[in-house]
Amino acid sequence: GKITFVSYEGEEHETAIVDGQSLMQIATSNGVTGIDGDCGGECACGTCHVIVGSEWVSLTGKQGDDEEEMLDLTPERQSTSRLSCQITVSEEMDGMTVHLPEFQM
Ligand code: FES
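Residues numbered from 1 in each chain as written. Predicted model: local features only at pLDDT ≥ 70, side-chain atom pairs only at ≥ 80, totals over all residues.

- Per an unreviewed UniProt entry, the recorded name for the chain is 2Fe-2S ferredoxin, and the organism is Dietzia psychralcaliphila.

Right, here's the structure in full:
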C-alpha cells in the first residue's frame, strides 16, 4: 500500500507502507522533506508534525497524553494535527494522505 505526504507547497511524495513502522520512520526512510524526527520517535521534539486528512482520523487513533502536550506547544496546531512518530502504520492505511504544516518546510 501507499501513503502520500503532501508538502505545504503541494508537492506529493508517495511512500510504501511498511506494516508496524511509525509514520515518522516511513517518512524519514523515504527522505520526505519536512519530517526530521529529531528525537527518534520519543514524542519529545515535535519535528514530525503532520496533519491527517479527516477521513483517516479514525484509523490513526487518538493522541496520547505526551503527544497532546507536545502539540500544545505547536503554533500552527490544527484539529487533526498529529506527531507522526506516534502513528503506527498498517496496510489498512493504503491510500492515506497527510499534509505537512507551513513551519516544516
Ligand atoms: Fe520527535 Fe516525533 S520524532 S516527536
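There is more to say, and it comes next.
1. Looking at the overall build of the chain
Working step 1: Across its full length, the chain holds three helices and five strands.
Working step 2: Listing the helices and strands of the chain from first to last along the sequence gives β-β-α-β-α-α-β-β.
Working step 3: Over its C-alpha trace the chain gives a radius of gyration of 12 Å, about what one expects of a compact globule, namely 13 Å for 105 residues.
Working step 4: For the C-alpha atoms alone, the extent of the chain along its principal axes is close to 30 × 25 × 25 Å.
Working step 5: Per-residue burial over the chain gives 27% buried out of 105 residues.
Working step 6: Residue pairs at least 24 apart in sequence account for 65% of intrachain contacts in the chain once pairs closer than 6 positions are excluded. (Helix = DSSP H or I, 4+ residues; strand = E, 2+ residues; numbered from the N terminus. Rg over C-alpha atoms; globule rule 2.2 N^0.38 Å. Buried ≥ 20, exposed ≤ 12 C-beta atoms within 10 Å, placed from the backbone. Contact = placed C-beta atoms within 7 Å.)

2. Section: the sheet that holds strand β5 (residues 96–99)
Working step 1: With respect to topology, five strands assemble into an open sheet ordered β2-β1-β5-β3-β4, the strand pairing being mixed. The open sheet has two edge strands with one neighbour each: β2 (12–16) and β4 (81–83). Averaged over all pairs of adjacent strands, the angle between strand axes in this sheet comes to 35°, irrespective of strand direction. (Pairing = 2+ DSSP bridges. Axes fitted to C-alpha atoms, helices over the stretch in contact; angles between N-to-C directions.)

3. Some words on the pairing of β2
Working step 1: Of all five residues making up β2, only zero are buried, and the element is barely covered by its neighbours.
Working step 2: Both strand β1 (residues 2–6) and β2 contribute to a ladder of five bridges, which runs antiparallel. For valine 6, the partnering residue across the bridge sits in β2 and is glutamate 12.
Working step 3: Where β1 folds back on β2, the antiparallel hairpin that results is connected by five residues, among which glycine 10 adopts a positive phi of roughly 95°.

4. Remarks on unusual backbone geometry
Working step 1: Here cysteine 43, not a glycine, exhibits a phi torsion of approximately 65°, which is positive.
Working step 2: Its place among the elements puts cysteine 43 in the loop between α1 (23–29) and β3 (49–52).
Working step 3: C-beta crowding within 10 Å serves as the criterion here: with 19 such atoms nearby, cysteine 43 is assigned to the partly exposed category.

5. Comments concerning the environment of glutamate 67
Working step 1: In this fold, glutamate 67 is placed in helix α3 (residues 65–72).
Working step 2: Sequence-wise, glutamate 67 and serine 7 are 60 residues apart; in three dimensions their C-alpha atoms are separated by 22 Å.
Working step 3: In this view, glutamate 67 contacts Cys43, Leu83 and Gln86; residues no more than four positions away in its chain are not counted.

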